[in-house]
Amino acid sequence: MNENPVRQAPASQAPASENPGRPGGKPTDAWVMLLPPGWARFPTGEGRQRELDEAVEQVVARSLPDSLPRDKAEPFRHMLRDELHKTLGQARDAGTGAVYLPTEPMEGVIVPGSIAEIEVVSDVGTDPTRIVTSILSDGYEQSELVEIDGRPGVRVVHTEHGVKSEDLELSTRQVLYAVSRDETDGEWLVLSFTTIWNSENTERLAEAMVLFFDAVMTTFRWAGPGTNPLKLPERSVPGSA
């Protein structure tokens, strides 16, 4: 599978690949992971509106190129643009720093999934293993300690059934990775994947998407100052940092 690197960093900082000598920088100030073609990253953090608009326009241009007849394509461009801004606006209001969405079918199938990226500060100065151990006792249907590129973290799974969405009744599954970035400052990175289904067939697809997200997380690497992440091809998905 051809993969595209998604380079990511906190909203207030440049990716380490662009600013490797930033004074006082930490290895966990930036990160990188691989996603297949057809996914895009949309920055939704505070002060990122221009980047968000550019990311949306990249996806619109890729989905509905200028080679299409303008009179036929333009209404669909407006619809896609409006739907993306609506979805991403909700994520921004919820405090999400970035959203990763499939913008093209994979093998002809519309992918029912999204990834939310959130940075949080909690329990400054506390040993992160104590924090993840406390998370394990919170009653999730699945929970386990993980190590993400040398840093301690936790993986949890939560499923809900009977979720109402317009005229449909859906089931949802959330797979969340929380990884410690810095115990001294209490910094954590949360990557949360959500998928949905409403039938036996789409449930099997949702189960496959959980495996897909777990595979994506195996490619996660810190990319801040002092790191030497995997050498990835110089390509990026639309909207990546």
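Note that the coordinates shown come from a computational prediction; the quantities given were computed from them, not determined experimentally.

Novice: What exactly am I supposed to notice about the overall build of the protein here?
Specialist: Helix and strand content of the protein: 4 helices and 10 strands. For the protein, buried positions account for 43% of its 241 residues. Long-range contacts, defined as pairs at least 24 residues apart, comprise 65% of the intrachain contacts of the protein with a sequence gap of at least 6. On the protein, roughly 12900 Å² of surface is accessible, and the fraction owed to carbon and sulfur atoms is 50%.

Novice: How do you make sense of a negative patch on the surface when you look at a structure like this?
Specialist: A contiguous patch of negative charge, built from D82, E83, E166 and D167, is present on the exposed surface. Following the sequence through the fold, D167 ends up in the loop between β7 (151-165) and β8 (168-182). Owing to a relative accessible area of 80%, D167 belongs among the exposed residues under this scheme.

Novice: Would you take a moment to explain the packing of aromatic side chains for this structure?
Specialist: Aromatic ring pairs are reported here in terms of the distance separating the ring centres and the angle at which the planes meet. Counting across every chain of the model gives 5 aromatic pairs. A centroid spacing of 5.2 Å and a plane angle of 15° characterise the contact between F193 and F213, whose relative ring orientation is stacked. Remark: F213 occurs in helix α4 (residues 200-217) and F193 occurs in strand β9 (residues 187-197); sequence separation between them is 20 residues. The burial state of F193 is the same as that of F213; both residues are buried. Ring pairing ties together the aromatic residues W31, F220 and W222, which thus form one cluster.

Novice: Explain the pairing of strand β6 (residues 142-148) to me, please; I cannot follow it from the model alone.
Specialist: Here is the key point about a regular strand: its side chains alternate between the two faces of the sheet. Sheet topology note: the β6/β7 ladder contains 7 bridges and is antiparallel. Along β7, the bridge assignment pairs S143 with V156. Where β6 hands over to β7, the hairpin turn is made up of 2 residues, of which D149 adopts a positive phi near 45°.

Novice: How should I be thinking about the environment of S192 in this particular structure?
Specialist: Its location among the elements puts S192 in strand β9. Along the primary structure S192 and S114 are separated by 78 residues, whereas in three dimensions their C-alpha atoms are 8.2 Å apart. Setting aside residues no more than four positions away along its own chain, S192 makes contact with S114, I115, A116, Q174, V175 and L176. A polar side-chain atom of S192 sits 2.7 Å from a polar atom in the side chain of Q174.

Novice: What is the right way to read the pairing of β9 from this model?
Specialist: Among the 11 residues in β9, 9 count as buried, and that is most of the element. Here 9 bridges tie strand β5 (residues 113-121) to β9, and the two strands are oriented antiparallel to one another. The partner of G113 across the bridge, within β9, is T195. Summarising the sheet, β8 and β9 pair through 11 bridges and their orientation is antiparallel. Paired with Q174 across the strands is T194, a residue of β9. The antiparallel pairing of β8 with β9 creates a hairpin that spans 4 residues between the two strands, and G186 there sits at a positive phi of about 70°.

Novice: What is the right way to look at the nonpolar core in this model?
Specialist: Note that soluble globular proteins tend to have their nonpolar side chains buried in a common cluster. If you look at the biggest cluster of nonpolar residues, it comprises 24 residues, and the most contacted ones within it are W39, I115, L191, F213 and F220. Those elements that place two or more of their residues in this core are β2 (31-35), β6, β8, β9 and α4. Here this core takes 6 residues from α4, the largest share from any one element. Among the nonpolar cores identified, the runner-up in size contains 12 residues, and V60, A91, V99 and L101 belong to it.

Novice: Could you clarify how one ought to interpret the environment of Y140 in this entry?
Specialist: Summarising the element assignment, Y140 is placed in the loop between α3 (128-136) and β6. Residue classification places Y140 among the partly exposed residues on the basis of a relative accessible area of 34%. It is 9.0 Å that separates the C-alpha atoms of Y140 and T159, two residues lying 19 residues apart in sequence. Ignoring any residue separated from it by four or fewer positions in sequence, one finds Y140 in contact with I135, V156, V157 and H158.

So, how was this worked out
Residues numbered from 1 in each chain as written. Predicted model: local features only at pLDDT ≥ 70, side-chain atom pairs only at ≥ 80, totals over all residues. Heavy atoms only, no water. Helix = DSSP H or I, 4+ residues; strand = E, 2+ residues; numbered from the N terminus. Buried < 20%, exposed > 50% of the residue type's maximum accessible area, 1.4 Å probe, protein only. Contact = heavy atoms within 4.5 Å. Areas by Shrake-Rupley, 256 points an atom, 1.4 Å probe, with all protein chains shown as cover. Patch = residues over 30% accessible without salt bridge, like charges linked within 9 Å, V, L, I, M, F, W, Y side chains within 5 Å. Salt bridge = Lys/Arg side-chain N within 4 Å of Asp/Glu carboxyl O. Lys, Arg positive; Asp, Glu negative; His and termini not counted. Charge placed at Lys NZ, Arg CZ, Asp CG, Glu CD. Phe/Tyr/Trp six-rings, centres within 6.5 Å; stacked < 30°, edge-to-face > 60°. Pairing = 2+ DSSP bridges. Polar contact = N/O pair within 3.5 Å; in protein donor to acceptor, adjacent residues only side chain to side chain. Core = buried A, V, L, I, M, F, W, Y, C linked by side-chain atoms within 4.5 Å.

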